[in-house]
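Each chain, written out:
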Amino acid sequence: MTKICLECGEKIVGREDKKFCNDACRNTYNNKRNKDTTNLIRNTHNSLRKNYRILLDNNTEGKTKISRKKLKDLGFDFSLITSIYTTKTNNTYYFIYDQGYMPLDDDWYILVKKN
């Protein structure tokens, strides 16, 4: 039985379990197959990285107060975080990796760094 490449349709020579005629066809096939998932992950990661940089650049002392307006003006996306930490006193911190923030009164935030 002759096997054909899943990507280009060429005849496959070699091992019985081969699905592609060469590495280029294998890579092209898998890249097409994973395109939607890869784009979603890439876009989410880029947004998380942007949030992280904004927090890092504005929290040089390890603990800083900043307004919501300034964070929004810098392009911060409040919908993307990597974890939530609630203290014993019920204060909730939102983190992007080791950089976090906690809402204060009057649209102010405290920026912190996790040790």
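Residues numbered from 1 in each chain as written. Predicted model: local features only at pLDDT ≥ 70, side-chain atom pairs only at ≥ 80, totals over all residues. Heavy atoms only, no water.

What is the right way to look at unusual backbone geometry in this model?
Leave glycine aside and you will find that most residues have negative phi; peptide bonds, for their part, are mostly trans. A positive phi angle, close to 55 degrees, is found at Tyr97, a residue other than glycine. Notably, Asp107 is not glycine yet its phi reads approximately 60 degrees, a positive angle. Along the chain, the position of Asp107 falls in the loop between strand S4 (99-103) and strand S5 (108-113). (Helix = DSSP H or I, 4+ residues; strand = E, 2+ residues; numbered from the N terminus.)

I'm lost on helix H2 (residues 35-58) in this one. Help?
Spacing of three or four residues puts side chains on the same side of an α-helix, whose turn is 3.6 residues. Compared with an ideal rise of 1.5 Å per residue, which puts 24 residues at 34 Å, H2 spans 35 Å between its outermost C-alpha atoms and is within 8% of the ideal. Along H2, the positions that sit buried rather than exposed are Leu48, Asn51, Ile54, Leu55 and Asn58. On the buried face of H2, the contacting elements are strand S1 (63-67), helix H3 (68-73), strand S3 (92-96), S4 and S5. (Expected span 1.5 Å × (residues − 1). Buried < 20%, exposed > 50% of the residue type's maximum accessible area, 1.4 Å probe, protein only. Contact = heavy atoms within 4.5 Å.)

Before we go on, may I ask you to explain the nonpolar core in this structure?
If you look at soluble globular proteins, the nonpolar side chains tend to sit buried side by side. Formed by Leu48, Ile54, Leu55, Ile66, Leu71, Phe76, Phe78, Leu80, Ile96, Tyr101, Tyr109 and Leu111, the largest nonpolar core amounts to twelve residues. Going through the elements one at a time, H2 and S5 are the ones with two or more residues in this core. With three residues, the top contributor of residues to this core is H2. Ile54 has contacts with Leu71, Leu74, Gly75 and Phe76, leaving out every residue within four places of it along the chain. One finds Tyr93, Phe95, Met102 and Val112 within the second-largest nonpolar core, a separate group that totals five residues. (Core = buried A, V, L, I, M, F, W, Y, C linked by side-chain atoms within 4.5 Å.)

What exactly am I supposed to notice about the pairing of S3 here?
Here is the key point about a regular strand: its side chains alternate between the two faces of the sheet. Here strand S2 (residues 83-86) pairs with S3 via four bridges, running antiparallel. Among the inter-strand pairings, Ser83 is bridged to a residue of S3, identified as Phe95. The loop that links S2 with its antiparallel partner S3 comprises five residues; one of these, Asn90, has a positive phi angle of about 65 degrees. Relative to S4, S3 runs antiparallel, the two being bridged by three bridges. Residue pairing in the sheet places Tyr94 in a bridge with Tyr101 of S4. The turn linking S3 back onto S4 is made up of two residues, and Tyr97 within it adopts a positive phi angle of 55 degrees. (Pairing = 2+ DSSP bridges.)

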